[in-house]
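This is what each chain is made of:
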Protein chains: 2
Amino acid sequence: MNLKQQEIADRLGISRGTLHRVLVGSPLVNKKTRERVEEELKSLNYIPNRAARSLKVGRSMTLGILGPARIRMSNSLKLDGVYHTAEERGYSVIISYSDGSRESDERGIKHLLSHMVDGIIVMGRGLCQPSDHFKAYQDAGKPIVSIYPIHDVECDCVFLDTAAAFERMTRYFIEFGHKRIGLAVFMPRTSRFVLTREQGYVRALEKAGIPFDPGYLIYASPSIMGGEEVPYIESLEAADMDYAAGFWATREIMRRRPRPTALVCASDDTAIGALRAANLAGLRVPEDLALIGYDNSTISRYTSPPLTTVEQPNYRMGQRAVEILLDRIEGRNTSEKCINEKIPFRLVVRESCGAYLQSSGDVPESTAPKKKRARAKAKSKG
Amino acid sequence: MNLKQQEIADRLGISRGTLHRVLVGSPLVNKKTRERVEEELKSLNYIPNRAARSLKVGRSMTLGILGPARIRMSNSLKLDGVYHTAEERGYSVIISYSDGSRESDERGIKHLLSHMVDGIIVMGRGLCQPSDHFKAYQDAGKPIVSIYPIHDVECDCVFLDTAAAFERMTRYFIEFGHKRIGLAVFMPRTSRFVLTREQGYVRALEKAGIPFDPGYLIYASPSIMGGEEVPYIESLEAADMDYAAGFWATREIMRRRPRPTALVCASDDTAIGALRAANLAGLRVPEDLALIGYDNSTISRYTSPPLTTVEQPNYRMGQRAVEILLDRIEGRNTSEKCINEKIPFRLVVRESCGAYLQSSGDVPESTAPKKKRARAKAKSKG
DNA sequence: GTGAAAGCGCTAACAG
DNA sequence: CTGTTAGCGCTTTCAC
């Protein structure tokens, strides 16, 4: 059973004060006593009570995450970054889910605060939107960093410029000579998730002087797809969404005349759904339909053909989020100004768009630098 | 800023005792007082301090997870099950990673205990092995449930009989008429991960009277694969392991003479790696090489051909783990006897093994019951 | 119905 | 160098 400091002190015939001093490594302890204490401590397997400690010092050494459902792999990876980095720095992590609604966010933050977290990382799309609810908690008294940009509010954040990424992806097709380019996105059209993608896509088209054809922009959604006779789609909930959307969007877009020759996909998983639809339709990728994904998920190297995609350094983003947060918590950053850390992405060229075409700093996979885990420093490319 | 009970009581001119009574919904409070208090509470946005509460009552309403790195999607899904269920029941969750080594497990459990968790869920392979370290913590005084079976120790657990699953998978090939069947597994041969798979595979062979050919059993490992010239394998760490192993194993096994006609894969991701290797080698699946996966991951429906696989009800397992744990924590289960809950799996027949062949309760996808999210009650099949 | 008081395990300030 | 003490915010017992 687990002893408390008092009991240990008693056993050793010393005071709690002295015990505490050796516990925190204070030099103000007799060498002999210290050794005796340390020995006993080891054999007793003392486990400090953090609740008591937190209560006393007013800090818990734990970080809170206001998180989304973790189904999407990219979120999982971000979380890994957060967890490992926090652990390295001696912090625990506790998650509270939120669906992004105001009530849910409020409940979540309250929950975290009640745990006395020292800071909060916001990972959902939640606070990224109109986010009046954010204001309410801004002065929860705890530092917050968002893993997506919060535009209408002052807040530290680390983000990837998704619009720029999708502009780049679209431009890649354009440089290849494609004129009829589709975009497959899904779910609420007003979510930042699709807004940014659409924006980048349109921007690339505009810059190239290619007229925007709304027929090439496919918004898949459970309700729409449910109405269609779509094989493979039996449950249209989160886990399936990306694949299903890609699958459905591809079927849909191939009905357009003239037919698009390239499809920008919201994610690698979306591209995989698209790939399947193309296969079933007897379309060759990239010859009949070129595909580009987003995420550089591990699997994108193993599809046939392997996916050209944009790398999103998820692990790194999680890592940076806690670093920025800890700078605030531990007082290394006292500036009023918010940190807005843009994480660079890079285009990873494989085969789903046709033969390698290298341009402005993009790396075909063969020459890509060896990656060191997910922590890989991404080659800058903005 | 966040008020404490004392301050609120003062504002209202009542005692902490009374405040507390309305907070916990005790009937021993004057109606008027109660209303007044509740109103004030709402407007003040009171956030209770759980550290103080935990300290006082000796319970924290939080569950600890001794977890593996979360990279594998199936773990992510299990965690989802744990989180959502815990949240529904009013518990928070905190994770501590462990690589499965004794030191790491000890550190992790200690960490959780120091958070005063009310119970622990063990998710890694860690404690599933020789697990002398488990003994050390068995009487940490907290209930523990393992999400894999711990054979040599008394402990509640929920598990899927992996050996039975792999026996079933192998038998499926046998029923199809295959005689030369390979098994692609990886990493430490002594891990329960491969032991169970190998065992099931061999058992099916034995029962069918097919001689076991060690040459058909491929153990991929980073070191082995690193020596080979294996494209796609640039980082052989966890994230890539499944794919890379499947890729490498397929190349390897196709060198065997006579060539196997079917390959049992350690996971769906392994099967996907295998599929890619087969594609590159110009082998048709399933005609030249039949493939079966394990997990029924979402993507297995979107590969070409879609994967026949075994469904592992991850979400459900996480869910059951917390239910069993809470029964213990909340005193509904005081039995000395350990719970050993075997979660049923089912074979999901798609196309990677050839035309549909239905047998003993297996469900071809077309007739599979509509799945309700990951929570789906799996059709019994054991 | 209500208030007062003790104490959960720990830290930190102060006295020796 | 060491021991004593006063709380951190909350729950709970007991007395009114």
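All of the points below concern the structure found in this document. Keep in mind that this is a model prediction, so the values were computed, not measured.

## Focus on the protein's contact with DNA strand D
Then comes step 1: Around DNA strand D sit 23 residues in total, of which Arg21 and Lys56 of chain A together with Lys4, Arg16 and Tyr46 of chain B are the nearest.
Then comes step 2: Taking all atoms of DNA strand D within 4 Å of the protein, the share assigned to sugar and phosphate is 59%.
Then comes step 3: Asn30 of chain A places a main-chain nitrogen or oxygen 2.7 Å from a phosphate oxygen of DNA strand D.
Then comes step 4: Residue Gln5 of chain B places a main-chain N or O atom 2.7 Å away from a phosphate oxygen belonging to DNA strand D.
Then comes step 5: Secondary structure elements with two or more residues in the surface near DNA strand D: α2 (16-23) and α4 (50-57) of chain A together with α2 (16-23) and α4 (50-57) of chain B.

## Concerning the sheet that holds strand β6 (residues 181-186) of chain A
Residue and element names in this part refer to chain A.
Then comes step 1: Reading across from one edge, β7-β6-β8-β9 is the order of the 4 strands in this open sheet, with parallel pairing throughout. What marks the edges here is a single partner per strand, and that holds for β7 (217-220) and β9 (290-292). The sheet shows a mean angle of 20° between the axes of neighbouring strands, taken without regard to direction.
Then comes step 2: Summarising the sheet, strand β8 (residues 262-265) and β9 pair through 3 bridges and their orientation is parallel. Counted as the bridge partner of Val264 is Ile292 from β9.
Then comes step 3: Across the sheet, helix α8 (residues 162-175) touches β6, β8 and β9, and the angle it forms with β8 is around 165°.

## Re the side chain of Thr170 of chain A
Then comes step 1: Following the sequence through the fold, Thr170 of chain A ends up in helix α8.
Then comes step 2: Among residues more than four places away in sequence, those in contact with Thr170 of chain A are Ile181, Tyr201, Ala204, Leu205 and Val264 of chain A.

## Some details on the protein's contact with DNA strand C
Then comes step 1: Lys4, Gln5 and Tyr46 of chain A together with Arg21 and Lys56 of chain B are the nearest of the 22 residues found near DNA strand C.
Then comes step 2: Of all atoms in DNA strand C that approach within 4 Å of the protein, 62% are sugar or phosphate atoms.
Then comes step 3: Residue Asn49 of chain A places a main-chain N or O atom 3.3 Å away from a phosphate oxygen belonging to DNA strand C.
Then comes step 4: With respect to DNA strand C, the backbone of Asn30 of chain B contributes an N or O atom lying 2.8 Å from a phosphate oxygen.
Then comes step 5: Listed by contribution, the elements that provide at least two residues to the surface near DNA strand C are α2 and α4 of chain A together with α2 and α4 of chain B.
Then comes step 6: Element by element, the count of residues in the surface near DNA strand C is highest for α4 of chain A, at 4 residues.
Then comes step 7: Per-class residue counts for the surface near DNA strand C are 8 nonpolar, 7 polar and 7 charged.

## Considerations on the pairing of strand β8 (residues 262-265) of chain B
Residues and elements named next belong to chain B.
Then comes step 1: Here β8 shows no split at all, with Ala262 and Val264 on one side and Leu263 and Cys265 on the other all buried.
Then comes step 2: With 4 bridges connecting them, strand β6 (residues 181-186) and β8 associate as parallel partners. Directly across from Leu183, in β8, lies its bridge partner Val264.
Then comes step 3: With helix α12 (residues 268-280) bridging β8 and its parallel neighbour strand β9 (residues 290-292), the resulting β-α-β unit is right-handed.

## Details of the sheet that holds β9 of chain B
In any sheet, the strands associate via hydrogen bonds between backbone groups, in a parallel or an antiparallel arrangement.
Residues and elements named next belong to chain B.
Then comes step 1: Taken together, 4 strands build an open sheet; the order of strands is β7-β6-β8-β9 and the sheet is parallel. Edge positions in the sheet fall to β7 (217-220) and β9, since each has one partner strand and no second. Each strand axis lies, on average, 20° off the axis of its neighbour in the sheet, ignoring direction.
Then comes step 2: Relative to β8, helix α8 (residues 162-175) is tilted by about 165°, and along the sheet it contacts β6, β8 and β9.

## Comments concerning unusual backbone geometry
In terms of backbone geometry, most residues other than glycine have negative phi values and most peptide bonds are trans.
Residues and elements named next belong to chain B.
Then comes step 1: Of the consecutive residues Arg257 and Pro258, the connecting peptide bond is found in the cis state with omega at -5°.
Then comes step 2: If you trace the backbone, Pro258 turns up in the loop between α11 (238-253) and β8.
Then comes step 3: For the bond running from Val285 to Pro286, omega is 10°, close enough to zero to count as cis.
Then comes step 4: The phi angle at Met116 is positive, at roughly 65°, despite the residue not being glycine.
Then comes step 5: By the secondary structure assignment, Met116 is in the loop between α6 (102-114) and β3 (119-122).

## A look at the packing of aromatic side chains
Each aromatic ring pair is summarised here by two numbers: the centre-to-centre distance and the angle between the ring planes.
Then comes step 1: With the rule as written, the count across this model stands at 14 aromatic pairs over all chains.
Then comes step 2: Taking 5.0 Å as the distance between ring centres and 45° as the angle between the ring planes, the aromatic pair formed by Phe166 of chain B and Tyr294 of chain B counts as tilted. Of this pair, Phe166 of chain B sits in helix α8 while Tyr294 of chain B is found in the loop between β9 and β10 (309-311), placing the two residues 128 residues apart along the sequence.
Then comes step 3: Assessed through its relative accessible area of 0%, Phe166 of chain B is described here as buried.
Then comes step 4: Judged by relative accessible area, Tyr294 of chain B falls into the buried class, the value being 3%.
Then comes step 5: Through a chain of ring-to-ring contacts, three or more aromatic side chains come together here, namely Tyr243 and Phe247 of chain A together with Tyr302 of chain B.
Then comes step 6: Directly above the aromatic system of Phe193 of chain A lies the positively charged group of Arg197 of chain A, at a separation of 3.6 Å from the ring centroid.

## Examining the side chain of Arg320 of chain B
Residues and elements named next belong to chain B.
Then comes step 1: In this structure, Arg320 sits in helix α13 (residues 314-329).
Then comes step 2: Only 2.4 Å separates the side chain of Arg320 from the side chain of Glu323, close enough to count as a polar contact.
Then comes step 3: Looking at Arg320, its side chain comes within polar contact range of the side chain of Glu341, at 2.5 Å.
Then comes step 4: Ignoring anything within four residues of it in the chain, the contact list for Arg320 reads Val158, Glu341 and Ile343.

## Comments concerning empty space enclosed by the protein
Then comes step 1: Enumeration according to the criterion identifies 6 cavities of 30 Å³ or more in this entry.
Then comes step 2: Roughly 230 Å³ of volume is contained in the largest cavity.
Then comes step 3: What lines the largest cavity is a set of 16 residues, among which Ala51 and His115 of chain A together with Ala51, Thr62 and His115 of chain B lie closest to the centre.
Then comes step 4: Those elements that place two or more of their residues in the lining of the largest cavity are α4 of chain A together with α4 of chain B.
Then comes step 5: Counted by class, the lining of the largest cavity contains 5 nonpolar, 9 polar and 2 charged residues.

Rules behind the numbers
Residues numbered from 1 in each chain as written. Chains lettered and ligands numbered in written order. Predicted model: local features only at pLDDT ≥ 70, side-chain atom pairs only at ≥ 80, totals over all residues. Heavy atoms only, no water. Near = heavy atom within 4 Å. Polar contact = N/O pair within 3.5 Å; in protein donor to acceptor, adjacent residues only side chain to side chain. Helix = DSSP H or I, 4+ residues; strand = E, 2+ residues; numbered from the N terminus. Pairing = 2+ DSSP bridges. Axes fitted to C-alpha atoms, helices over the stretch in contact; angles between N-to-C directions. Contact = heavy atoms within 4.5 Å. Nonpolar A, V, L, I, M, F, W, Y, C, P; charged D, E, K, R; others polar. Buried < 20%, exposed > 50% of the residue type's maximum accessible area, 1.4 Å probe, protein only. Right-handed = clockwise from strand over helix to strand, strands pointing away. Phe/Tyr/Trp six-rings, centres within 6.5 Å; stacked < 30°, edge-to-face > 60°. Lys NZ or Arg CZ within 6 Å of the ring centre and 35° of its normal. 1 Å grid on protein atoms, 1.4 Å probe; cavity = no way out; pocket = protein on both sides within 12 Å on 5 of 7 lines; lining within 4 Å. Points joined across faces, edges and corners; volume = space filled by probe spheres on them.

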